[in-house]
Amino acid sequence: MASKLRARDIMSGGAHCVGAHESLMDAAKMMRDLSVGCVPICGDNNRLMGMITDRDIVVTCCAEGVDPATVQAGSMGGKLHWIDADADASEVLRTMEDHHIKRLPVIDVKGGHQLVGMITEANLAKNLSDAEIAEFANRVYATAD
């Protein structure tokens, strides 16, 4: 991995948030329209407060017989991990590996603590060596003994 790469160099910019008061149906439509499997949840102050995946909607809502149009996206926010846009690439990788996450929001701390992008496995694949990709996959996808 190039030692000078920062999170902002690796990320996909222009992340779209679903509002905390919007429904899971709205979140699902946003994912469909953006062709993504995950969207950040932002509060009324436009600050990141969580992440929601298509799997979250299916498992915790649809599979339980709950109408996704009646559940607010903000109720789905769990433990949140993010990275500063100026963090180096090795910190990005370490954060994703340590927390076994496949998507990492990027926050511009110096720029008002705003969400500026997302780092996904595809972003890593474009910037990592084959050995680093193998190590990442082993650490994130390996099951605990």
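Structural data are supplied above this passage.
To start, this report covers the structure provided alongside it. (Residues numbered from 1 in each chain as written. Predicted model: local features only at pLDDT ≥ 70, side-chain atom pairs only at ≥ 80, totals over all residues. Heavy atoms only, no water.)

Digging into the layout of surface pockets
Working step 1: Here the largest pocket defines a volume of roughly 390 Å³.
Working step 2: If you trace the largest pocket, you find 14 residues lining it, with Cys38, Met51, Thr53, Ile101 and Arg103 closest to the centre.
Working step 3: Listed by contribution, the elements that provide at least two residues to the lining of the largest pocket are strand 4 (48–53), helix 3 (54–60) and strand 6 (103–108).
Working step 4: Classifying every residue of the lining of the largest pocket by side-chain character gives five nonpolar, four polar and five charged.
Working step 5: Forming the boundary of the second largest pocket are 15 residues, of which Ala15, Val36, Cys38, Met118 and Thr120 lie nearest the centre.
Working step 6: Within the residue set of the lining of the second largest pocket, elements represented by two or more residues are strand 1 (12–13), strand 3 (38–42) and strand 7 (114–120).
Working step 7: When residues of the lining of the second largest pocket are assigned to their parent elements, the largest contribution, three residues, is made by strand 3.
Working step 8: When grouped by side-chain class, the residues that make up the lining of the second largest pocket number seven nonpolar, seven polar and one charged. (1 Å grid on protein atoms, 1.4 Å probe; cavity = no way out; pocket = protein on both sides within 12 Å on 5 of 7 lines; lining within 4 Å. Points joined across faces, edges and corners; volume = space filled by probe spheres on them. Helix = DSSP H or I, 4+ residues; strand = E, 2+ residues; numbered from the N terminus. Nonpolar A, V, L, I, M, F, W, Y, C, P; charged D, E, K, R; others polar.)

Comments concerning the nonpolar core
Working step 1: The biggest cluster of nonpolar side chains holds 19 residues, and the ones touching the most others in it are Ile83, Val92, Met96, Leu104, Val106, Ile119 and Leu124.
Working step 2: Those elements giving two or more residues to this core turn out to be helix 1 (7–10), helix 4 (89–98), strand 6 and helix 6 (130–141).
Working step 3: The element that contributes the greatest number of residues to this core is helix 4, accounting for four residues.
Working step 4: Ignoring anything within four residues of it in the chain, the contact list for leucine 124 reads Ile10, Val92, Leu93, Met96, Ile119 and Phe136.
Working step 5: Met31, Cys61, Val71 and Met76 belong to the second-largest nonpolar core, a separate cluster that totals 14 residues. (Core = buried A, V, L, I, M, F, W, Y, C linked by side-chain atoms within 4.5 Å. Buried < 20%, exposed > 50% of the residue type's maximum accessible area, 1.4 Å probe, protein only. Contact = heavy atoms within 4.5 Å.)

Considerations on the state of the cysteines
Working step 1: Tallying each qualifying case throughout the model produces one disulfide.
Working step 2: Each disulfide pairs two cysteine sulfurs, and for cysteine 17 the partner residue is cysteine 42, the sulfurs being separated by 2.0 Å. You can see cysteine 17 sitting in the loop between strand 1 and strand 2 (18–19) and its partner cysteine 42 sitting in strand 3, a full 25 residues away along the chain.
Working step 3: Here cysteine 42 falls in the buried class, since its relative accessible area comes to 4%.
Working step 4: Free cysteine cysteine 38: the closest other cysteine sulfur is in cysteine 17, separated by 10 Å.
Working step 5: Judged by relative accessible area, which is 9%, cysteine 38 ranks as buried. (Disulfide = S-S within 2.5 Å.)

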